[in-house]
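# Observations on the three-dimensional arrangement
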Amino acid sequence: MAAHKRLHDGFEQDPDQPEKKRMERSVSFSTVIREAMVMKQVQSVFLVLEPLLRRVVQEEIQAGLVRSPRYIERSSPETPPAAERPALRLAFLNPPMLPIFTGSKIEDVNGEPLQVILVDADTGSPRGALPQFMRVELVPLFGDFPPDGREEWTAGEFARGVVKERAGKRPLLTGDVGLTMRDGRAVVNDLQFTDNSSWVRCRKFRIGARVVPGSYEGARVAEAMTEAFNVRDHRGELYRKHYPPALTDDVWRLEKIGKEGAFHRKLRQNGVETVQEFVRMLTVRPEMLRAMMGDGMTDRMWEVTTSHARTCDAGDKVYAYAGQHGATVYVNSLCQLVRLEFAGVECAAQQLTRAQKAYVHQLYVEAFEQRHSLQEVEPLPAAMLLHCSASLNSDQNLPLSDAAPVTPPPLPATPLWFQGNQELDLQIVDELSGGQGNFGFHM
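Just so you know, the residues in each chain are numbered from 1, in the order the chain's sequence is written. Under the rules for a predicted model, residues below a pLDDT of 70 receive no local features and side-chain atom pairs below 80 are neither given nor counted, while totals for whole chains, interfaces and linings still include all residues. The basis for the side-chain values is all heavy atoms of the structure; hydrogens and waters are excluded.

### Here we look at the sheet that holds strand β4 (residues 134-142)
By definition, two strands form a pair when at least two bridges between them are found by DSSP. Here a helix means four or more residues in a row that DSSP labels H or I, a strand means two or more in a row labelled E, and each is numbered from the N terminus. Pairing is antiparallel in the open sheet, where four strands are placed in the order β6-β4-β9-β11. Edge positions in the sheet fall to β6 (178-181) and β11 (224-225), since each has one partner strand and no second. Of the pairings in the sheet, the one linking β4 to β6 comprises four bridges and is antiparallel in character. Opposite Met 134, over in β6, you have Met 181 as the bridge partner.

What follows is the structure in structure tokens.
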């Protein structure tokens, strides 16, 4: 009894002990909750990473097996010995046009359908028809195939280089993937990728061509493949830039001008909707065009945009605009001056007097303002355009033709628009002939 009392008394000597136990129980519970939340987050991350890790491991194992001589030796007993090098091989007549987008028809660099041909394996020269038809199939390959950059491979290695579509996706390559080769040639009229190449290890695909196993009784024909390339999502094609831009392209096809962006809206509000209109204004009214873009476009961005715009091909159309005093200016589709006549006689801009230069410049500006109603004339000979370009873009007094320089006839009395403005600042646009030099109008 005394011992029990001592134990009881000893238990009650620490009045804080029950509180400590309650705190320990509280701390333990919060720790459990915290650990449970961490475990749940880790499991969520594993669920997201698991497919990626499985694919990476699978690709690495597959690549390792391809490089393993022991595996090739064991798994490819049907592979012919090295001495039996194929005498024939398939080849693509021309490489595909880049870039390639998902869902877009694949063509060669000339805009024609891809063609698979049969060539001599040693010389590369085309071979004629075989005694029998040959079935050929097109397959997608990894961009880093063949391993180690080798130029020869076995049929087994080629088969392991074929890319399988992602789970739940359509076949990676669709269209004319099965061809019949006649006369040593097969035309691919329709071919598209259904998925981009960003999910494979090397980020690139190739297009391969091989003879369908069992469809040809002769010796092995080596496979063909293109160079490696990226396949981009088709949504990127809707916003991609053009190099070079075309006259009829929307102005947002130019560098630094985004579709429906701030610059695009400003240009559209001022009637500049096409590349052609942008370059026209850049040629004649660059200051006005620069002001449209606002302070948001830096000088560096302006340089990039205008440099891209100037790569546009003007074509061969020529338009004429005649004044009241016998002067006629000829411009191309971009309002670049290509020829100058006084009283029907071609002359060099450097031969004009101050008043004549001012008058011609006035005609040029009027031609720009009436650009939508100019009269189209017969295209000028290429040689004449070259002479004109040299004359308008040089500080030297070069003639516009091979004949001796012609002195322009005197103008009538000073034009009315010029009277009373002798002190007028006659600053002439330097880029009248395409922004490639000085027009020659030095007052």
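### Things to note about a nonpolar patch on the surface
In this analysis, a patch consists of residues with relative accessible area above 30% that form no salt bridge, clustered at 9 Å for like charges and at 5 Å for the nonpolar side chains Val, Leu, Ile, Met, Phe, Trp and Tyr. Areas reported as accessible are Shrake-Rupley estimates using a 1.4 Å probe. Residue values count occlusion only from the protein chains shown. Here, a salt bridge means any Lys or Arg side-chain nitrogen found within 4 Å of an Asp or Glu carboxyl oxygen. A cluster of nonpolar side chains, Val 38, Val 42, Val 45, Phe 46, Leu 49, Leu 52, Leu 53 and Val 56, forms an exposed patch at the surface whose accessible area comes to about 650 Å². Relative to the elements of secondary structure, Val 38 occurs in helix α2 (residues 17-67). For the exposure calls, accessible area comes from a 1.4 Å probe over protein chains only, and a residue counts as buried if that area is under 20% of its type's maximum, exposed if over 50%, partly exposed in between. Given the relative accessible area of 43%, Val 38 is considered partly exposed.

### Re the packing of helix α7 (residues 275-284) against helix α9 (residues 299-309)
The axes are straight lines fitted to the C-alpha atoms, using for helices just the contacting stretch, and the angles between their N-to-C directions are given from 0 to 180°. The geometry of α7 relative to α9 is characterised by a closest axis approach of 10 Å and an angle of 110 degrees between their N-to-C directions. Here α9 runs roughly perpendicular to α7, going by the angle between their axes. α9 is crossed by α7, and the crossing has left-handed handedness. Contact residues: Phe 278, Val 279 and Leu 282 in α7; Trp 302, Thr 305, Thr 306 and Ala 309 in α9. Angle categories are assigned with fixed cut-offs, so that under 35 degrees is roughly parallel, over 145 is roughly antiparallel, 65 to 115 is roughly perpendicular, and the rest are oblique. Note on convention: the crossing is left-handed when the near helix lies turned anticlockwise from the far helix by less than a right angle, right-handed when the turn is clockwise. In this description, contact between two residues means that some pair of their heavy atoms is separated by no more than 4.5 Å.

### Remarks on the pairing of strand β7 (residues 185-188)
Of the two faces of β7, only one is covered, namely that formed by Ala 186 and Val 188; the face formed by Arg 185 and Val 187 stays uncovered. The sheet contact formed by strand β3 (residues 114-120) and β7 spans four bridges and is antiparallel. Bridge pairing in β7 places Ile 117 opposite Arg 185.

### Digging into the pattern of salt bridges
Counted according to the given criterion, the structure contains 14 salt bridges. A salt bridge links Arg 127 to Asp 120; the nearest nitrogen and oxygen atoms lie 3.8 Å apart. The exposure class of Asp 120 is buried, given its relative accessible area of 17%. Where Glu 341 meets Arg 339, a salt bridge forms, and the shortest distance between an N and an O atom there is 2.8 Å. In this pair, the class of Glu 341 matches that of Arg 339, namely buried. Several salt bridges share partner residues, and in doing so they unite Glu 277, Arg 280 and Arg 371 into one network.

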